[in-house]
Amino acid sequence: VTGVDRDGSLVESVCAGENPMRGNEPELADLLASVIASSQLTATTGFSDIQDAAIITLAGGEFAEWPVPAPLGTARIYDFAEGPTGDRFFCGVRGIGRWRQDTWRMWDIRAGLKSDKIIALAVGDEGRLSFSDQRNGLGQIDAGQIRYLDSQDGLIHDSIWDMDLGQDGTLWMATRGG
């Protein structure tokens, strides 16, 4: 399951040929896995076609497609997080996109990221965005500034596979090395 926004609605990314389930929310993951695995997404949701990438929401028991924005194109979307002010962050093979007040902002290599392929992200109550590209440690964007922390800074391994923020603000990370 990719994410749950602040109103409790599930937000899921679906990529052709991939299993987007991460197992963090077993009941919802099982429901979505059965929908995706059985190739019944069109029949069960009314979607007329499946793109290479899609952002799917589940609210009130109903699936709905949220259009993939032009800056992200038809690229794979790997993760989602919603900030304290309602900003929505998406990441994938083209970097990080932020949706704020009907406007997109993108971060990619040209904007200072070490890689365009971002696979996990989390946003704290103070608005700091943490992210990973599975190679360069922990990336963070805070007040528009990008910085990285890696094994030279004490991180166990530079390959971070997943992350989430605890209720107390602690950033939890799953790395290749433990």
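Residues numbered from 1 in each chain as written. Predicted model: local features only at pLDDT ≥ 70, side-chain atom pairs only at ≥ 80, totals over all residues. Heavy atoms only, no water.

## As for the overall build of the chain
No. 1: Tallying secondary structure elements over the chain gives 2 helices and 14 strands in all.
No. 2: The long-range fraction of contacts in the chain, counting pairs at least 24 apart against all pairs at least 6 apart in sequence, stands at 38%.
No. 3: As presented, the chain carries roughly 9400 Å² of accessible surface, and 47% of it is formed by carbon and sulfur atoms. (Helix = DSSP H or I, 4+ residues; strand = E, 2+ residues; numbered from the N terminus. Contact = heavy atoms within 4.5 Å. Areas by Shrake-Rupley, 256 points an atom, 1.4 Å probe, with all protein chains shown as cover.)

## Some thoughts on the sheet that holds strand β9 (residues 120-123)
No. 1: A sheet is described by the order of its strands in space; here 4 strands give the open sequence β9-β10-β11-β12, paired in antiparallel fashion. Pairing within the sheet leaves two strands with one partner each, and these edge strands are β9 and β12 (145-149). Looking at each pair of strands side by side, their axes are set apart by 20° on average, direction ignored.
No. 2: In this sheet, strand β11 (residues 138-142) lies alongside strand β10 (residues 129-132) in antiparallel orientation, the contact comprising 4 bridges. Each bridged residue has a counterpart across the sheet, and for F131 the counterpart in β11 is G139. (Pairing = 2+ DSSP bridges. Axes fitted to C-alpha atoms, helices over the stretch in contact; angles between N-to-C directions.)

## Some details on the pairing of strand β14 (residues 171-175)
No. 1: Inspection of the sheet shows strand β13 (residues 160-165) paired to β14 by 5 bridges, in the antiparallel sense. Each residue of the ladder has a partner; that of L165, found in β14, is L171.
No. 2: Adjacent in sequence and paired antiparallel, β13 and β14 are bridged by 5 residues, among which G169 carries a positive phi angle near 95°.

## Here we look at the sheet that holds strand β6 (residues 88-92)
No. 1: Taken in spatial order, the 4 strands make up an open sheet running β5-β6-β7-β8, and their pairing is antiparallel. Edge strands, defined here as strands with exactly one partner in the open sheet, are β5 (77-82) and β8 (103-107). Neighbour-to-neighbour, the strand axes of this sheet turn through a mean angle of 20°, independent of strand direction.
No. 2: Relative to β6, β5 runs antiparallel, the two sharing 5 bridges. Paired with A81 across the strands is F89, a residue of β6.

## Concerning the packing of aromatic side chains
No. 1: Enumeration according to the criterion identifies 4 aromatic pairs in this entry.
No. 2: Judged by centre distance (5.7 Å) and plane angle (85°), the rings of F131 and Y148 are edge-to-face. Of the two residues, F131 sits in strand β10 while Y148 sits in strand β12, which places them 17 residues apart along the sequence.
No. 3: Three or more aromatic residues joined by ring pairs form one cluster here, namely F80, F90, W99 and W104.
No. 4: In this structure, K114 packs its charged tip against the face of Y148, placed 4.5 Å from the ring centre. (Phe/Tyr/Trp six-rings, centres within 6.5 Å; stacked < 30°, edge-to-face > 60°. Lys NZ or Arg CZ within 6 Å of the ring centre and 35° of its normal.)

## A short note on the side chain of D79
No. 1: Within the fold, D79 resides in strand β5.
No. 2: With a relative accessible area of 2%, D79 lands in the buried category.
No. 3: Here L121 takes part through its backbone nitrogen, which lies 2.9 Å from a polar atom of the side chain of D79. (Buried < 20%, exposed > 50% of the residue type's maximum accessible area, 1.4 Å probe, protein only. Polar contact = N/O pair within 3.5 Å; in protein donor to acceptor, adjacent residues only side chain to side chain.)

## What to know about the environment of E82
No. 1: Within the fold, E82 resides in strand β5.
No. 2: Measuring from C-alpha to C-alpha, the distance between E82 and D125 comes to 9.9 Å, with 43 residues separating the pair along the chain.

## Re the confidence of the model for the chain
No. 1: In the predicted model, the chain carries a mean pLDDT of 77, and 67% of its residues have values of at least 70.
No. 2: Of all the helices and strands in the chain, helix α2 (residues 41-45) carries the lowest mean pLDDT, 41, while β10 carries the highest, 98.
No. 3: For residues 14-51, every residue scores under 50 in pLDDT, and the model assigns this stretch 59 contacts once sequence neighbours within four places are set aside. (pLDDT = per-residue confidence, 0-100.)

## Topic: the nonpolar core
No. 1: One finds F89, I96, L113, L121, L129 and F131 to be the most contacted residues of the largest nonpolar core, which totals 13 residues.
No. 2: At the level of secondary structure, the elements contributing two or more residues to this core comprise β6, β9 and β10.
No. 3: Counting residues in each nonpolar core, the second largest holds 8 residues, with A120, A122, L138 and M163 among its members. (Core = buried A, V, L, I, M, F, W, Y, C linked by side-chain atoms within 4.5 Å.)

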